[in-house]
Amino acid sequence: MNHARALVRERGDRTVVELAGELDLSSVSVIEQELLAIEASSPRDLVLDLRGLSFIDSSGLRLILETDSRARIDGRVLELIPGSEKVHRVFLITLLDRRLNFVTDGEFR
Amino acid sequence: MRGAGNGFHGLGCHHFPDRSRRASQMADLTSSRPPVHWVGFEAYLLDQLDVAVVATDLGGTVTQWNRFAETLYGWDREDAIGRTITELLAVVDSEPTPGDSPLTQPEWEGDLHIRARDGKAVLAHVRNSPIRDPQGRVVGVASASVDVAERVRHEQRVEARSKVTRILADARELEEAAPRALEAICRTLEWDLGALWLMNRTSKVLACFAVWHGGSQAERGFEAASRALRLTPGNGLPGRVVEEADALWVDDVLSDPKFKRGREADQAGLCTALAFPILLQGETVGVMEFFSRDHRQRDDSMLDAMSLIGSQIGQFIERRTAERELAGSREQLVAIFQGVGEGITVQGPDGGLLFANEAATGIIGYDSVEALLGAPTEEVMSRFEILDEEGNPFPVDRLPGRRALRGEHPPEEVIRYRVRQTGEDRWSLVSAKPTFDQAGRVRFAVNIFHDITRRKRREDAARVLAEIGPALSSSLDYEETLRRLARLAVPRFADWCAVSVQDEDGWIRQLAVAHKDPAKVRLSEELAERYQPDPNEPVGLPQVIRTATSELFSEVTETALERHELDQSTLSAVRSLGLRSVMIVPLVARNRSFGAMALATAEPGRRYGMEDLELAEDLARRGALHADNARLFTERSRVATALQHSLLPPTLPVIPGLEVAGRYHAAGTGSEVGGDFYDVFSTGQGNWALVIGDVCGKGPEAAGVTGLTRYTIRAAAMQEERPSQVLRTLNEALLEQRSDRLFCTVTYVRVHLQDGKCRTTVTCAGHPQPLLMRSGGPVETVGRPGTLLGVFSDPDLWDRTADLGPGDCMVLYTDGLVEGHSEGTAVGTATLASVLGSRAGLSAPAIADAIEEALLGERTTPPRDDVAMLVLRRQP
């Protein structure tokens, strides 16, 4: 199993969390704890970079939706850098590409 | 014989023990000399004798006085002759009345203390003979006397030594021997006070160890003063003896300025002292001192005698010290030998056991050390089959002990030995060492057995348990797991093993039985059928299950059977199968004892011990855990399947002119309720609804959302025609009732049959678009992606219509169908499309089968996600 991992780095005034591996039921709770910790310790805007993900299922989707929902409540910006075609397809089918704040890496810079 | 003159002072007032005996000895001594005939003897001849010869007439007047008499009594012949004998020689130890002196008796013999001219008493053996005239009339007395003082002193010394020897021989400790020896020396050699001083070998300080005296106040004062002293070499009388390493004779201690106890000695009236070292291999270990109230002259023979006594006492001290050390070290050794867990034996050159400690006795299997040492070697050896670590016979000649007896220094060996009587295997790390005598011959071999049975069993057990883990867990079937448990226990742990479980009603049912002899399995099963254990029986199996406490019957004796320590079913097994040793261990999982495993060895197998019980408990624990897992799994699967089925239509409705086929595969092992669902139902007047959806997550939570989704859609579909409206209603319901963002994705297809037409309206809410295969045409997607439901209050949803011609086929599916593809979702989707394209003309169920086979058939593992699929086909 290639569980999801999160690599956190600071870029400019944002905290970038690079997700890698498979984001599914078995790994969401770990990533969720990391995200909650980051949010609790930093008031800065957050970027989730999904390019390293090889798989995402509905639990992963739910995790991103909840992170987005918290960001809206906290008044911080959550941006997502879309992942591979396979991963991004999930966002297209669910139309979440319209609901979430997807940016390209270029835009982000 | 030396003359008198160096004799003792003060002897006269002492009595001689056993005078008559000495007297007769003296008589013999003198009678061995040539007979003396007085008449006509030359004075010259008389003077050659070392015997004092004095002749008197009947009136006692001295008529003859030879030279030795001059020496012995101090009177010159000239002075003596003519005077009366009683005037010259006073007898001090008899009651002399004038005219009645023994010296004037014509026939008398005995020892007499006779006062010599200088006043000293001479101890003389006197023998009087009558002097007769030629007519035979007695005319005088010839008295021959010899100085026996020296002889008596010698005898006294001999006696003193022999007394001391006896005392030392009888005594166990110096504390006991010393006062008695001092007393014997004092009494025999006529000293008034004796003391023994011992030197501390480390500090070289002398202390008074024992004193003997007559018991007067003054003597006790002297004793106290002595005991209070601590003397270093050179100080005090004993210290000077040590320093000079030689005996000292002090004529008068009061005139010796170096004498420390002068005042006390004065009060006790002590005068002369003799002190000598107690030597041991040249080293002074103590000093003995003796005091006399009389003034005594230095007596070298006394010193010689004392030195002999001293060395005797020295040897005693040495021997006792050595014995005590030996006893101490022996006790210590024995304690160490007995205390260690190592078995220690000592073999003599013939291989026989000379020594064995208790651990060795236990290892070898005897009840007592005595029984082991008393048993012949052949009997001891015949109890075992000696094997190497792998279980091959181990040549007796190669045993370390045997090799050591041959003078070799063998390496340590792991010896496995099977106790013939019990069949039990034990392991020992055995080492042996030879001990040689001075001639280089082997005196004995010391064997050390380090019992490693426990370690070996643990290793073995760990290996077996490691093996059985996978064997047990590979079945997800509860009963099968327990049957495997029984099979795994035989023959490694038991000859017979039965696993029983208690059902909800309390009945105990034997689920599995295994016996190393397959023929006996049937017998065991019959027994189990015949003897249903009473669950309330206070013994055996029911008791173990009830209390979750193991029972061990190391040896199943007839007595134990009569006492009903086993329940009826185990009892009958024991009797019919000839079982020897039984263990019953509970099967416990999640703090509940749900059964028990009984293990037994059959005659003449080994007896179980605590180690075996622990192992059996371990085995049972694992077995119980795996069985419980299997049961949980089974139960959960059953619940999940039931729930899942409640979320799926039991049968699909028959739609005129259309074929519908549904497929569902739970993810993984099917023990969890999946989130996928589909539904097909009529909304009335030729309208039908096909729904397929996927609820985020799994388990009861997801099932709840699935149920909500399914029934909300059914309800809403009765009110709303437009699928997007139905789904909006669902979205609102989800948002209202669920705050946990358990979203779902749904594709809703409304089928409207009218006038030979079949129009579909498709709405996708976050769900993959259906595939539409036109008869003879390409495969296309229908519908437009819309927002998933349950998260946003304003989902973007679109209704798209597509008409189905005869033979046209639409496939609704969930992600699991295409995601599981080994080459990815896109390939999965493409495969689905191509399968669909190539199956034109097949019925809906046949198409569903083909898709399943193409997309799921290649898998070796169950799908990771649920898979649901609906195939709708318009009949051609």
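Everything in this summary refers to the structure shown in the same document. Being a predicted model, the structure only gives us computed values, none of them experimental.

Along the backbone of chain A there are 5 helices and 4 strands. Here chain A holds 109 residues, and 57% of them are scored as buried. Expressed as a percentage of contacts within chain A between residues at least 6 apart in sequence, the contacts between residues at least 24 apart total 66%. Accessible area of chain A: about 5,000 Å², with a carbon and sulfur share of 52%.

Residues and elements named next belong to chain B. For the coordinates displayed, the defined rule picks out 47 salt bridges over all chains. The closest approach of N and O atoms between Glu 219 and Arg 293, which form a salt bridge, is 2.8 Å. Note that Glu 219 is positioned in helix H8 (residues 217–228) and Arg 293 in the loop between strand E12 (283–292) and helix H11 (300–339), a separation of 74 residues in sequence. Here Glu 219 falls in the buried class, since its relative accessible area comes to 3%.

What follows deals with H8(B). For H8(B), which comprises 12 residues, the first-to-last C-alpha distance of 17 Å matches the rise-based estimate of 16 Å (1.5 Å per residue) to within 8%. Elements in contact with the buried residues of H8(B): strand E7 (193–199), strand E8 (206–213), helix H10 (262–268) and E12 of chain B.

Bringing helix H6 (residues 149–170) of chain B into the picture now. The terminal C-alpha atoms of H6(B) lie 31 Å apart, and with 22 residues this matches the ideal 32 Å at 1.5 Å per residue to within 8%. Residues of H6(B) that are buried: B:Ala149, B:Val152, B:Arg153, B:Glu155, B:Gln156, B:Arg157, B:Ala160, B:Val164, B:Ile167 and B:Leu168.

A word on empty space enclosed by the protein. Gaps left between atoms show up when a probe the size of a water molecule is rolled over them. Evaluated as defined, the whole model comprises 6 cavities of 30 Å³ or more. Considering only enclosed or pocket space, the largest cavity measures out at about 180 Å³ in volume. Around the largest cavity, the lining comprises 19 residues; the ones closest to its centre are A:Ser58, A:Leu61, A:Val90, B:Asp694 and B:Asp815. Those elements that place two or more of their residues in the lining of the largest cavity are helix H2 (58–74) and helix H3 (85–93) of chain A together with strand E26 (687–695) and helix H25 (815–819) of chain B. With 3 residues, H3(A) is the largest single contributor of residues to the lining of the largest cavity. Counted by class, the lining of the largest cavity contains 8 nonpolar, 5 polar and 6 charged residues. In this structure, the second largest cavity is lined by 14 residues; those nearest its centre are B:Ala498, B:Ser500, B:Gln510, B:Leu541 and B:Ser569. Going through the elements one at a time, strand E19 (496–502), helix H18 (519–530) and helix H21 (568–577) of chain B are the ones with two or more residues in the lining of the second largest cavity. Of the residues that constitute the lining of the second largest cavity, the class distribution is 9 nonpolar, 5 polar and no charged.

Conventions and cut-offs
- Residues numbered from 1 in each chain as written.
- Chains lettered and ligands numbered in written order.
- Predicted model: local features only at pLDDT ≥ 70, side-chain atom pairs only at ≥ 80, totals over all residues.
- Heavy atoms only, no water.
- Helix = DSSP H or I, 4+ residues; strand = E, 2+ residues; numbered from the N terminus.
- Buried < 20%, exposed > 50% of the residue type's maximum accessible area, 1.4 Å probe, protein only.
- Contact = heavy atoms within 4.5 Å.
- Areas by Shrake-Rupley, 256 points an atom, 1.4 Å probe, with all protein chains shown as cover.
- Salt bridge = Lys/Arg side-chain N within 4 Å of Asp/Glu carboxyl O.
- Expected span 1.5 Å × (residues − 1).
- 1 Å grid on protein atoms, 1.4 Å probe; cavity = no way out; pocket = protein on both sides within 12 Å on 5 of 7 lines; lining within 4 Å.
- Points joined across faces, edges and corners; volume = space filled by probe spheres on them.
- Nonpolar A, V, L, I, M, F, W, Y, C, P; charged D, E, K, R; others polar.

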